[in-house]
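Residue-level structural notes
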Amino acid sequence: MTEHPTSHEGRQPPAARPQERARPRQEAAGAGAPAAAADVPVPGQPGPSAGRSRAVARGGPAHEHGHDSPARPSSEEGHAAAGAGADTRRAPAASSVSGEDSGREWPVLPAQAGPPVAAVPVTPPGGGASAQAGTASAAMAVTAAQGPQGAPDGLAARHEGDRLRFVGAATRRIARGIDLDEIVLGLCRATVPTFSDAILVYLRDPLPVGDERPVAPFVLRLRRTDRLRLTDLEGEELVLVPDPDPTPAAELCEVRSGGALAEVLRGVRPVFGDSAAARAALPELLGGDHPVPGGHRAILAPLRGRRRVIGAAVFLRRPERPGFEPNDLLVAAQLATHTALGIDKAVLYGREAYIADELQRTMLPDSLPQPTGVRLASRYLPAAETARVGGDWYDAIPLPGSRVALVVGDVMGHSMTSAAIMGQLRTTAQTLAGLDLPPQEVLHHLDEQAQRLGQDRMATCLYAVYDPVSHRITIANAGHPPPILLHLGGRAEVLRVPPGAPIGVGGVDFEAVELDAPAGATLLLYTDGLVESRLRDVWTGIEQLRERLAATAQLTGPDHSPPLEALCDDVLDMLGPGDRDDDIALLAARFDGIAPSDVAYWFLEPEDAAPGRARRLARRALARWDLEELSDSVELLISEVVTNAVRYAERPVTLRLLRTDVLRCEVGDDSPQLPRQRRARDTDEGGRGLFLVNRLARRWGATRLSGGKVVWFELPTRS
């Protein structure tokens, strides 16, 4: 059983105490310093004075145990002993890094949280002869004050304490970084100029993520380099600049298998620049033209992550500054370890953020369509940088008859699960919109789909269909905040729509309301993240949004509507610092409409004379619109499409011409079968109609309706 020293051990015998009391205080202070220094334990090596050091560190004098105390040491000696005792407790030799020049094992000191940290005493580069002389004097004083076993005195103990505090402050600064650049910058800012005058950080290119197998060859790329730039003006502050030395280091370095650099990186432990291993490794890493300081003024520290080496850091000091000490290898090892682990986590976080961004981007439309008679703009904001995905979505779906469906929804929560449910509901809404179902029927089917996805799959949704010909909009709501309509004159109103129940509740009916959509008006659809937060309720936010829209419209005058993109940005500017509790989806629609004079509509009986009548009606409409140059093409295409519709229709066929920036022709019938283009054989009498449409029309398509289908094509008009 090991006997531990107590606070009563290691003191002088009682016979010596009277003589000690008789000495003058000055002599006690001068003679007691070496003795006190000799009793200071080296970190990781407990000695007989360990108990006394702990007592001094706690502030308790020796006579509290019932014994007379020796001559009280000076305040400087007491602080040194306290620092040494604290260092002894905080420096277990859990792991070690060996310095090649010292030939002994050095314990790796873990980073400790504590009070404000003092910087490691550093000789300012370029300090001149006086600075060098002061450093030399201090070094000689420390050497002279060492005991027979080479133990450091109080000054060295304080330096060790400063070194530990520096490691704690530096590792905390490195740990604050959340991405790769922040972590590397934290390492550079923490070490220059306190620990070194320059630093070069090389990272593997590309960096492996998690358990990925790294690609060959092993290439290191210079990620960042910082150095201290000295000005010639006396009294000027030192400036830290993120640029390399006048002789630049190599940008890329391919680590050769079995080479000197590979051996150092495989060893993981930092080495001095003048060691045998580093003398061959540094030129391979930095390039043959980059100078390497002599002596202990360079440290090469491999950066090892959780599974493999991911880079290297090179710490450099100028010739006029004292070289690194053996204990500085421990500092470099700690900094390299914390940096490498931080980079590993940052790379994993970056991959997760990339996946989240890609998921959210694919769930939302890449670009909005530009249907006839309406202009669209949208915005999406995640809840926070750390929550990049959410359940909010928006969509604009072109419908037959130049109509457009406007959709905005919000799935409960903002997580991967919410985003996945949102994607399924959005796909379902697009499919239902393609069937040209009424808005209330679309919400009913969405409600059924949400129940099939599982329990507690709830969402709010607003579905609106705008018809630019009739200048009307039909809206159905499922528990979503009501839209706001901004009129051309600057008046903003909250539309009165049935609130409805959220999607996923089940067993509820949805109602639709049809409202006027005058030309020049703007409809704003949004999610509750824009109007609701911890600081305000939803109706207060809706009123503030309405007032904001009205104030923005007043700036452009009563005869002009504000630009859509600027309007969306201005709406988002109303968010305050505490208003971002949820993600936000925003969809703005400017109703331009189609004038009645630009629309021609007819009914044709399904008979053999229908194609000829359709050609005559189209010719008259084109003449009225001054588009006679399109007559031949329009008549040919209309004849082919109407002939195909009459062949299968049982009810009257509809023919509509729309004049906007293009000429659009729509032919509808009651047959649900969609036409398909095929290649006709030489002996076939038919089957070439859609081939002509495909060659002559700018665009064409066919859409199935609830009561049939519509085949349409577009031709460009003269500019």
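Some remarks on the packing of helix H16 (residues 631-648) against helix H17 (residues 689-696)
At a minimum axis separation of 9 Å, H16 and H17 run at an interaxial angle of 145°. For the pair H16 and H17, the sense of crossing is left-handed. Between H16 and H17, the contacting residues are Leu636, Leu637, Glu640 and Val641 on the first element and Gly689, Leu692, Val693 and Leu696 on the second.

A closer look at the sheet that holds strand E24 (residues 708-716)
Strand order in the open sheet made by the five strands is E20-E21-E22-E24-E23, with antiparallel pairing throughout. Strand pairing shows two members of the sheet lacking a second neighbour, strand E20 (599-604) and strand E23 (699-705), which therefore form its edges. Direction aside, neighbouring strands of the sheet carry axes that sit 15° apart on average. Examined bridge by bridge, strand E21 (residues 653-659) and strand E22 (residues 662-669) share six bridges and lie antiparallel to one another. The residue bridging Leu655 from the neighbouring strand is Val667, located in E22. Taken strand by strand, H16 contacts E20, E21, E22 and E24, and its axis lies near 170° from that of E24.

Quick notes on unusual backbone geometry
In the segment running from Val192 into Pro193, the intervening peptide bond is cis, with an omega of 5°. With respect to the helices, strands and loops of the structure, Pro193 is situated in the loop between helix H7 (180-191) and strand E3 (198-204). The step from Asp205 to Pro206 runs through a cis peptide bond, and the omega angle for that step is 0°. Structurally, the position occupied by Pro206 is in the loop between E3 and strand E4 (219-229). Its identity is not glycine, yet Val268 carries a phi of approximately 70°, on the positive side. Among the secondary structure elements, Val268 is positioned in the loop between helix H8 (260-267) and strand E7 (271-272). Judged by its relative accessible area of 31%, Val268 falls in the partly exposed class. We note that Asp436 has phi near 60°; this positive angle belongs to a residue other than glycine.

Digging into the packing of aromatic side chains
Two numbers describe a pair of aromatic rings. These are the distance of the centres and the angle of the planes. Under the definition given, this model contains five aromatic pairs. Between Tyr466 and Phe591, the aromatic rings sit 4.2 Å apart at their centres with planes inclined by 20°, giving stacked as the arrangement. Separated by 125 residues along the polypeptide, Tyr466 in strand E13 (residues 459-467) and Phe591 in strand E19 (residues 584-591) bring together distant segments of the chain. There is no split in this pair, since Tyr466 and Phe591 are both buried. Joined through ring pairs, the aromatic side chains of Phe166, Phe195, Phe315 and Phe324 make up one cluster. The lysine or arginine in question, Arg204, covers the ring of Phe218, its NZ or CZ lying 3.8 Å from the ring centre. The ring centre of Trp712 lies 4.4 Å from the NZ or CZ of Arg664, which sits over that ring.

Thoughts on the side chain of Thr339
Within the secondary structure layout, Thr339 lies in helix H10 (residues 328-363). Filtering out sequence-adjacent residues up to four positions away, Thr339 remains in contact with Ile174, Ile183 and Leu187.

Some thoughts on helix H14 (residues 564-572)
Those residues of H14 that sit buried are Leu564, Leu567, Cys568, Val571 and Leu572. The buried residues of H14 all sit within an arc of 135° when viewed along its axis, so they share a single face.

Some remarks on the confidence of the model for the chain
Overall, the prediction assigns the chain a mean pLDDT of 76, with 73% of residues at 70 or greater. Below pLDDT 50 for its whole length, residues 1-151 participates in 166 contacts with residues either more than four positions away or in separate chains. Confidence over residues 240-244 falls short of pLDDT 50; this stretch has 16 contacts with residues more than four positions distant or in other chains.

Here's the deal with the sheet that holds strand E14 (residues 472-478)
On the basis of which strands lie adjacent, the open sheet formed by five strands has the order E11-E12-E13-E14-E17 and antiparallel pairing. The sheet terminates laterally at strand E11 (392-398) and strand E17 (512-516), the two strands that pair on one side only. Within the sheet, the average angular offset between the axes of one strand and its neighbour, ignoring direction, is 15°. Relative to E17, E14 runs antiparallel, the two sharing five bridges. If you follow Thr474 over to E17, its bridge partner there is Glu514.

Observations regarding the environment of Leu381
With respect to the element layout, Leu381 can be found in strand E10 (residues 374-381). For Leu381, a relative accessible area of 25% corresponds to the partly exposed category. Taking C-alpha positions, Leu381 is 9.7 Å from Leu530, a pair spaced 149 residues apart along the chain.

Focus on the pattern of salt bridges
Tallied over the entire structure, the rule returns 29 salt bridges. Its salt-bridge partner being Arg426, residue Asp395 comes within 3.0 Å of it at the nearest N-O pair. Here Asp395 is found in strand E11, whereas its partner Arg426 is found in helix H11 (residues 416-434), with 31 residues between them in sequence. Overall, Arg426 belongs to the buried group, its relative accessible area being 11%. When the shortest N-O distance is used, the salt bridge between Asp669 and Lys709 registers 2.8 Å. Note that Asp669 is positioned in strand E22 and Lys709 in strand E24, a separation of 40 residues in sequence. Salt bridges linked by common partners bring Glu160, Arg163, Arg317, Glu325 and Asp328 together as one network.

Some remarks on the packing of H10 against H11
Following both chains from N to C, one finds H10 and H11 inclined at 20°, their axes separated by 10 Å at the closest point. In terms of their interaxial angle, H10 and H11 are classed as roughly parallel. By crossing handedness, the relation of H10 to H11 is classed as left-handed. Residues Ala356, Leu359, Gln360, Thr362 and Met363 of H10 form the contact with H11, whose own contacting residues are Met416, Ala419, Ala420, Met422, Gly423 and Arg426. A breakdown of the residues in the contact of H10 with H11 according to their chemical character gives seven nonpolar, three polar and one charged.

Let's talk about the nonpolar core
The biggest cluster of nonpolar side chains holds 51 residues, and the ones touching the most others in it are Leu406, Leu443, Leu446 and Phe591. Membership of the second largest hydrophobic core comes to 34 residues, among which are Phe166, Leu203, Leu335 and Ala336.

Some details on the pairing of E21
Judged by how many residues are buried, E21 sits mostly within the fold: six of seven residues are covered. Two strands pair when backbone bridges link them, and E20 and E21 are joined in this way by six bridges, in the antiparallel orientation. Residue pairing across strands places Ala600 opposite Leu657, the latter belonging to E21. The loop that links E21 with its antiparallel partner E22 comprises two residues.

Scoring rules and cut-offs
- Residues numbered from 1 in each chain as written.
- Predicted model: local features only at pLDDT ≥ 70, side-chain atom pairs only at ≥ 80, totals over all residues.
- Heavy atoms only, no water.
- Axes fitted to C-alpha atoms, helices over the stretch in contact; angles between N-to-C directions.
- Helix = DSSP H or I, 4+ residues; strand = E, 2+ residues; numbered from the N terminus.
- Left-handed = near helix turned anticlockwise from the far one by under 90°.
- Contact = heavy atoms within 4.5 Å.
- Pairing = 2+ DSSP bridges.
- Buried < 20%, exposed > 50% of the residue type's maximum accessible area, 1.4 Å probe, protein only.
- Phe/Tyr/Trp six-rings, centres within 6.5 Å; stacked < 30°, edge-to-face > 60°.
- Lys NZ or Arg CZ within 6 Å of the ring centre and 35° of its normal.
- Arc of directions from axis to C-beta.
- pLDDT = per-residue confidence, 0-100.
- Salt bridge = Lys/Arg side-chain N within 4 Å of Asp/Glu carboxyl O.
- Parallel < 35°, antiparallel > 145°, perpendicular 65-115°, else oblique.
- Nonpolar A, V, L, I, M, F, W, Y, C, P; charged D, E, K, R; others polar.
- Core = buried A, V, L, I, M, F, W, Y, C linked by side-chain atoms within 4.5 Å.

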